[in-house]
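Chains, contacts and geometry: an overview
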Amino acid sequence: MGRDCNMAGAENDLQLRDGARIAVVGAGPAGSLFAIFAWRLAAELGRKVQITVFDGKPFTQSGPQGCNMCAGVVAESLVARFREIGLTLPESVVQRHVRGYWWETRAGNLHLSPQKVELEIYTVYRGNGPRGSTPGRNVSFDDYLLGQVSSLGIQVVPQPVADIQVPHGTRNDPATVLVGSKAQKEVYEADLVVGAFGLSLRLARQVSALGFGYVPPPTLPSYQAELRLGADQVKEGFQDSIVIYELGLPGIKFGAIIPKQEHITVTLIGEKAGKESLLDFLAHPLVSERLPPGWQVPGDYCHCRPRVAVAPCQKPFTDRIVIIGDASVSRLYKNGLDSAFLTAQAAAEAAFRHGVSAQAFARYYLPTCWTLARDGAYGRLLFRLSALGFASQRFLRLFVRAARYEQLACRPREQVLGRILWGSFTGNQPYKDILLTALSPRIQWRLWSQLFRRNKRGSPMPRGTAGGSADEVTPDEA
Ligand SMILES: Cc1cc2nc3c(=O)[nH]c(=O)nc-3n(C[C@H](O)[C@H](O)[C@H](O)COP(=O)(O)OP(=O)(O)OC[C@H]3O[C@@H](n4cnc5c(N)ncnc54)[C@H](O)[C@@H]3O)c2cc1C
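Residues numbered from 1 in each chain as written. Predicted model: local features only at pLDDT ≥ 70, side-chain atom pairs only at ≥ 80, totals over all residues. Heavy atoms only, no water.

Digging into the overall build of the protein
Put simply, the rule reads: Only DSSP runs of H or I reaching four residues or more are called helices, and only runs of E reaching two or more are called strands; each is numbered from the N terminus. Exposure is judged per residue with a 1.4 Å probe applied to protein chains only, and the accessible area is read against the type maximum: over 50% gives exposed, under 20% gives buried, and values in between give partly exposed. Only heavy atoms matter for contacts: two residues are in contact if any of them lie within 4.5 Å across the pair. The accessible surface values rely on the Shrake-Rupley method and a 1.4 Å probe; as for residues, cover is taken only from the protein chains in view.
Across its full length, the protein carries 14 helices and 20 strands. For the protein, buried positions account for 55% of its 478 residues. Put simply, of all contacts in the protein between residues at least 6 apart along the chain, 75% involve residues at least 24 apart. For the protein, the exposed area adds up to about 20,700 Å²; of that, 52% sits on carbon and sulfur atoms.

Written as structure tokens, this is what we have:
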């Protein structure tokens with residue numbers, strides 16, 4: 001992410017004054033949340049501004065057309081952030097309340113659940129459910145947020161933006177947003193354009209071509225499938241837990257199954273993510289044992305191939321334009337919705353309190369992007385080290401064994417391996433903290449001595465059952 005070195009100019013020009021017009025391009029979580037923050041800040045500062053949100057996506061439609069294509073895990077941290085601003089996800093949006101995580105590896109499995117009565121991790125749909133869902137049956141997360149935007153009286157234009165242009169003459173001129181087809185283009189002038197267009201390549205290319213230095217984030221392919229098992233079978237096979245797989249499939253960096261109401265969402269990320277890798281994944285004994293006996297992959301199922309951002313963009317701002325959400329920076333493999341919240345909030349605060357100049361964004365918005373980007377760098381290192389370690393079946397087996405032993409023998413706050421895994425799976429902790437915990441000499445000593453002890457004793461590895469819980473492993477087995 002490029003730092004703007006020219007901080008000398010006053011940030012105080014280019015303020016959002018009474019009558020200012022704000023165009024938000026994209027009504028995914030970043031765009032909707034920006035609109036909500038902007039509306040609140042305008043009210044707090046007593047400014048009359050006109051906010052317009054543009055997006056052509058019909059979130060009430062089922063299938064990929066109406067969906068912003070993600071696994072749909074709403075992390076605890078986001079639930080807490082929502083609560084702070086007075087938003088509560090209604091039950092109509094929640095597909096499942098998550099009770100814990102299974103870590104299913106080719107060298108044994110482990111169930112992780114927090115020592116809390118009520119865990120607030122939810123699964124949701126980003127559109128009106130998989131293709132073929134009964135209309136109106138599911139309320140999408142994005143539609144819920146956009147509903148909040150509309151309820152504040154903010155104008156929502158259900159059309160995609162064809163182009164964004166920087167101020168033509170002096171920097172006091174407005175930026176422009178073009179909406180509609182080539183033949184019938186409408187031009188909206190704006191004192192601030194907010195780019196919340198996710199990883200849309202078309203718009204990203206146009207914004208790059210404006211020449212202020214924006215380069216979209218690098219991405220990896222992913223493949224997602226919505227597979228209908230029926231509510232009872234989802235409950236039986238997954239026990240309200242998300243399953244993270246460590247199967248060593250070639251070209252797949254991350255594989256998970258996320259339980260919804262009637263369906264499971266299979267998410268694969270990596271260069272080889274596609275239909276073929278999905279079939280290999282589902283045929284793996286550690287995956288198929290959770291599926292109903294005799295279940296076959298349907299010939300036709302709802303699927304999508306979204307890209308996942310794996311590093312930040314370059315230079316997400318210039319005078320009167322700021323880029324947020326996935327188009328700017330998001331947490332590596334985790335909590336993209338959280339990053340959308342944080343970048344939307346930081347950009348709105350910067351714009352309303354300090355102005356919409358490049359200098360104001362560099363000083364008051366960029367630090368938030370940097371925090372996320374830096375954490376992503378630690379995340380990349382963490383994933384690289386764990387991929388190296390877990391490539392060895394022996395190390396993986398010893399690690400799982402040590403973590404299981406720890407669950408049975410240690411008090412919750414002493415379960416460091418469990419804490420490392422929980423932090424990585426849920427995204428509750430910054431990657432930096434997880435990495436520093438994992439590499440600290442005290443933990444390394446404890447881990448290796450425990451691994452060595454377990455190995456020497458050569459006890460059989462305890463194994464939880466699919467659909468069971470770690471509590472079912474008796475101390476005798478350890
Ligand atoms: C496979 C996968 C799984 C994921 N799982 C999770 C998860 O479980 N939990 C989590 O927190 N995050 C997850 N993420 C990340 C999460 O989806 C994103 O971080 C989040 O959606 C970013 O929000 P956004 O608003 O920036 O972008 P988006 O959600 O992509 O929204 C962008 C919006 O811009 C609109 N748009 C695009 N072009 C235009 C245009 N020309 N004019 C107007 N509008 C336009 C689009 O229609 C869309 O509505 C996952 C991502 C992937 C790819």
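Focus: the packing of helix H11 (residues 393–409) against helix H12 (residues 416–426)
As a reminder of what qualifies: The axes used here are C-alpha line fits, helices contributing only the stretch in contact, and every angle between their N-to-C directions lies in the interval 0 to 180 degrees. Each angle is binned into one of four classes, with values under 35 degrees roughly parallel, values over 145 roughly antiparallel, values of 65 to 115 roughly perpendicular, and all other values oblique. Each residue receives one of three labels: charged for Asp, Glu, Lys and Arg, nonpolar for Ala, Val, Leu, Ile, Met, Phe, Trp, Tyr, Cys and Pro, and polar for the others, Gly being one of them.
Relative to each other, H11 and H12 sit at 110°, their axes nearing to 8 Å. Viewed along their axes, H11 and H12 adopt a mutual orientation that is roughly perpendicular. Of H12, the residues touching H11 (which contributes Phe399, Ala402, Ala403 and Glu406) are Val416, Leu417, Gly418 and Leu421. Of the residues belonging to the contact of H11 with H12, the class tally is six nonpolar, one polar and one charged.

Brief notes about the confidence of the model for the protein
For clarity, the cut-off: Every residue gets a pLDDT, meaning the predictor's confidence in that residue, from 0 to 100.
Residues with a pLDDT of 70 or more make up 90% of the protein, whose mean pLDDT is 89. When the criterion is pLDDT under 50, residues 2–10 qualifies, and its contacts beyond four places in sequence or with other chains add up to 14 contacts. Counted against residues more than four places away or in other chains, residues 457–478, with its pLDDT under 50, gives 46 contacts.

Focus: the layout of surface pockets
Filter applied, for reference: In this analysis, the protein atoms alone were mapped onto a 1 Å grid. Cavities are point sets where a 1.4 Å probe fits without being able to get out; pockets are open sets with protein on both sides within 12 Å along at least five of seven lines; lining residues have an atom within 4 Å of a point. Grid points are joined across faces, edges and corners, and a volume is the space filled by probe spheres set on the points.
Looking at the second largest pocket, its volume works out to about 1,100 Å³. Considering the residues around the second largest pocket, the lining is formed by 43 residues, among which Leu382, Phe383, Ser386, Ala387 and Phe390 are closest to the centre. Residue composition of the lining of the second largest pocket, grouped by class: 31 nonpolar, six polar and six charged.

Re the site of the ligand
Stated formally: If even one non-hydrogen atom of a residue comes within 4 Å of a molecule or strand, that residue is called near it. Here a polar contact means two N or O atoms within 3.5 Å. Within protein one must be a hydrogen donor candidate and the other an acceptor candidate, and residues neighboring in sequence count only if both atoms are side-chain atoms. As used throughout, domain bounds are those supplied by an automatic or database domain assignment.
Within the structure, the ligand sits among 35 residues, and Ala30, Asp55, Val73, Val161 and Asp326 are positioned closest to it. Residue Asp55 places a side-chain N or O atom 2.6 Å away from an oxygen atom belonging to the ligand. Between the ligand and Asp326, the relevant distance is 2.7 Å, taken from an oxygen atom to a side-chain nitrogen or oxygen of the residue. Here the ligand, which alone exposes 990 Å², has 89% of that area covered by the protein. Within the residue set of the shell around the ligand, elements represented by two or more residues are helix H1 (29–45), helix H4 (201–209), strand S13 (219–228), strand S18 (307–309) and helix H8 (336–354). Residue classes in the shell around the ligand are distributed as 17 nonpolar, twelve polar and six charged. Taken domain by domain, the makeup of the shell around the ligand includes at least three residues from each of domain 1 (21–68 + 141–217 + 310–377) and domain 2 (219–307).

Comments concerning the packing of aromatic side chains
The test is simple: Think of it this way: a Phe, Tyr or Trp ring, Trp meaning its six-membered ring, pairs with another when their centres are within 6.5 Å, and the plane angle makes it stacked under 30 degrees, edge-to-face over 60, tilted otherwise. A ring is considered to have a charge above it if a Lys NZ or an Arg CZ atom is located within 6 Å of its centre and within 35 degrees of its normal.
Across all of its chains, the model carries 17 aromatic pairs by this definition. Taking 5.9 Å as the distance between ring centres and 85° as the angle between the ring planes, the aromatic pair formed by Trp103 and Phe399 counts as edge-to-face. With Trp103 in strand S5 (residues 100–105) and Phe399 in helix H11, the pair connects residues that are 296 residues apart, well separated along the chain. Taking the centre distance of 6.1 Å and the plane angle of 45° together, the rings of Phe395 and Phe399 count as tilted. In this pair, Phe395 and Phe399 are both assigned in helix H11, four residues apart and thus about one turn of the helix distant. The pair formed by Phe395 and Phe399 is uniform in burial state, with each residue classed as buried. Following the ring pairs from residue to residue traces out a cluster consisting of Tyr101, Trp103, Phe390, Phe395, Phe399, Trp422 and Phe425. Note that Arg290 overlies the ring of Trp102, its terminal NZ or CZ placed 4.8 Å from the centroid.

Quick word on empty space enclosed by the protein
One pass over the full model with this rule turns up three cavities of 30 Å³ or more. Each pocket or cavity is described by its volume, and for the largest cavity that value is around 150 Å³. Taken together, 19 residues make up the lining of the largest cavity; nearest its centre are Cys67, Met69, Glu226, Cys302 and Cys304. For the lining of the largest cavity, the elements supplying multiple residues, two or more each, are S13 and strand S17 (302–304). The biggest single contributor to the lining of the largest cavity is S17, with three residues. Of the residues in the lining of the largest cavity, the class split is ten nonpolar, six polar and three charged. Both domain 1 (21–68 + 141–217 + 310–377) and domain 2 (219–307) contribute no fewer than three residues apiece to the lining of the largest cavity.

Here's the deal with unusual backbone geometry
For Gln239, which is not glycine, the phi dihedral falls at a positive 50°. By the secondary structure assignment, Gln239 is in the loop between helix H5 (231–238) and strand S14 (241–246).

Focus on the pairing of strand S1 (residues 21–25)
Stated precisely, the cut-off is as follows: Strand pairing requires that DSSP identify at least two bridges connecting the strands. Seen with its strands pointing away from the viewer, a crossover is right-handed when the path leading from the first strand over the helix to the second is clockwise.
Among the five residues in S1, four count as buried, and that is most of the element. In terms of strand pairing, S1 meets strand S2 (residues 50–54) through five bridges, oriented parallel. Across the sheet, Ala23 pairs through a bridge with Thr52, a residue of S2. Assessed by its sense of winding, the connection that carries the chain from S1 through H1 to S2 is right-handed. Sheet topology places S1 next to strand S12 (residues 192–195); four bridges connect them, and they run parallel. Following the sheet pairing, Ile22 is matched in S12 by Leu192.

Structural notes on the sheet that holds strand S20 (residues 321–323)
The sheet built from six strands is open, its strands ordered S8-S2-S1-S12-S20-S19 with mixed pairing. Two strands lie at the open edges of the sheet, namely strand S8 (155–157) and strand S19 (317–318), each paired on one side alone. In the sheet, S2 pairs with S8 via three bridges, with the strands oriented parallel. What sits directly across from Thr52, in S8, is Gln155. The strands touched by H1 are S1, S2 and S12; relative to S2, the strand with the most contacts, the crossing angle is about 175°.

Some remarks on the packing of H1 against H8
Convention followed: Here a crossing is taken to be left-handed if its near helix is turned anticlockwise relative to the far helix by less than a right angle, and right-handed if that turn runs clockwise.
Where H1 meets H8, the closest approach of the two axes is 8 Å, and the angle between their N-to-C directions is 35°. As H1 packs across H8, the resulting crossing turns out to be right-handed. Residue-level contacts link Pro29, Ala30, Leu33, Phe34, Phe37, Ala38, Leu41, Ala42, Glu44 and Leu45 of H1 to Leu337, Ala340, Phe341, Ala344, Gln345, Ala347, Ala348, Glu349, Phe352 and Arg353 of H8.

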